Amino acid sequence: MTAYEERERWEMQPDVGVGPLRFGMSPAEVAQALLVSEPQARVGGDYGQENFPGGVKAFYDEGTLACVALDPVIGPQVFLAGFPLAGSHPGQGQQFLLDHAAEHGNWILFTSDGSLALTDLGILLRDQRVGEARLTRPLFVTDFGSSG
């Protein structure tokens, strides 16, 4: 599958969630919403992380869903004003977010790794190497103050 082939489409709801996932869900509720019995993998660290089939990663803060990351190639697609947030060219993605922020008055944040976020919409656009290319990998967060 390439980044531009048909994939599941999810809706983003700032401060609420993305697709079937709602911020504040427990790990069991996340698995149920994704129609699986359990994640493919669990990773420790500052934030509990669970990796699910279909390119979805869930991050938990104090046991509740605080961030969702989507794989740039196989993860669900989320659009912002018609722009595909997953699997796009990173330069185009950053320029789109800057233009969107200028037009709509969004708050922007550049992270230490060079990623760009629209903090009031809860979108962090990172990039990821896929083969020889780099593609955008969106993260949806509930609180930029606690989701490094």
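Residues numbered from 1 in each chain as written. Predicted model: local features only at pLDDT ≥ 70, side-chain atom pairs only at ≥ 80, totals over all residues. Heavy atoms only, no water.

A.B. asks: What exactly am I supposed to notice about the confidence of the model for the chain here?
C.D. replies: Reading predicted coordinates in detail is not appropriate for stretches of low pLDDT. Looking at the chain as a whole, its pLDDT mean stands at 91, while 93% of the residues score no less than 70. Of all helices and strands in the chain, the one with the weakest mean pLDDT is strand S5 (residues 41–43) (87), whereas strand S4 (residues 21–22) scores best (98). (pLDDT = per-residue confidence, 0-100. Helix = DSSP H or I, 4+ residues; strand = E, 2+ residues; numbered from the N terminus.)

A.B. asks: I tried to follow the sheet that holds strand S3 (residues 17–18) on my own but got confused; where do I start?
C.D. replies: The strands that make up a sheet are held in pairs by hydrogen bonds between backbone atoms, and each pair lies either parallel or antiparallel. With antiparallel pairing, the three strands of this open sheet are ordered in space as S2-S3-S4. In the strand order of this sheet, the two ends are held by strand S2 (12–13) and S4, each with one partner. Both S3 and S4 contribute to a ladder of two bridges, which runs antiparallel. Looking at the pairing, Val18 lines up with Leu21 of S4. (Pairing = 2+ DSSP bridges.)

A.B. asks: Even after reading the chapter, I still don't get the side chain of Gln49, so can you show me in this structure?
C.D. replies: With respect to the helices and strands, the residue Gln49 is situated in strand S6 (residues 48–52). Within the structure, Gln49 has its side chain in polar contact with the side chain of Asn51 (distance 2.6 Å). (Polar contact = N/O pair within 3.5 Å; in protein donor to acceptor, adjacent residues only side chain to side chain.)

A.B. asks: Could you clarify how one ought to interpret the pairing of strand S7 (residues 56–61) in this entry?
C.D. replies: It is a general feature of regular strands that their side chains alternate between the two faces of the sheet. Bridge count for S6 against S7 is five bridges, and the pairing is antiparallel. By the bridge assignment for S7, Gln49 is matched with Phe59. Hairpin geometry of S7 and strand S8 (residues 64–70) is characterised by an intervening segment of two residues between the two adjacent antiparallel strands and by a positive phi of about 55° at Glu62.

A.B. asks: When you look at the layout of surface pockets in this model, what are you seeing that I'm missing?
C.D. replies: A water-sized probe rolled over the atoms picks out the places where empty space is left. Of the voids in this model, the second largest pocket is the one considered here, and its volume is about 180 Å³. Lining the second largest pocket are 15 residues, with Glu8, Trp10, Pro53, Gly54 and Val56 sitting closest to its centre. Tallied by class, residues from the lining of the second largest pocket come to 11 nonpolar, two polar and two charged. (1 Å grid on protein atoms, 1.4 Å probe; cavity = no way out; pocket = protein on both sides within 12 Å on 5 of 7 lines; lining within 4 Å. Points joined across faces, edges and corners; volume = space filled by probe spheres on them. Nonpolar A, V, L, I, M, F, W, Y, C, P; charged D, E, K, R; others polar.)

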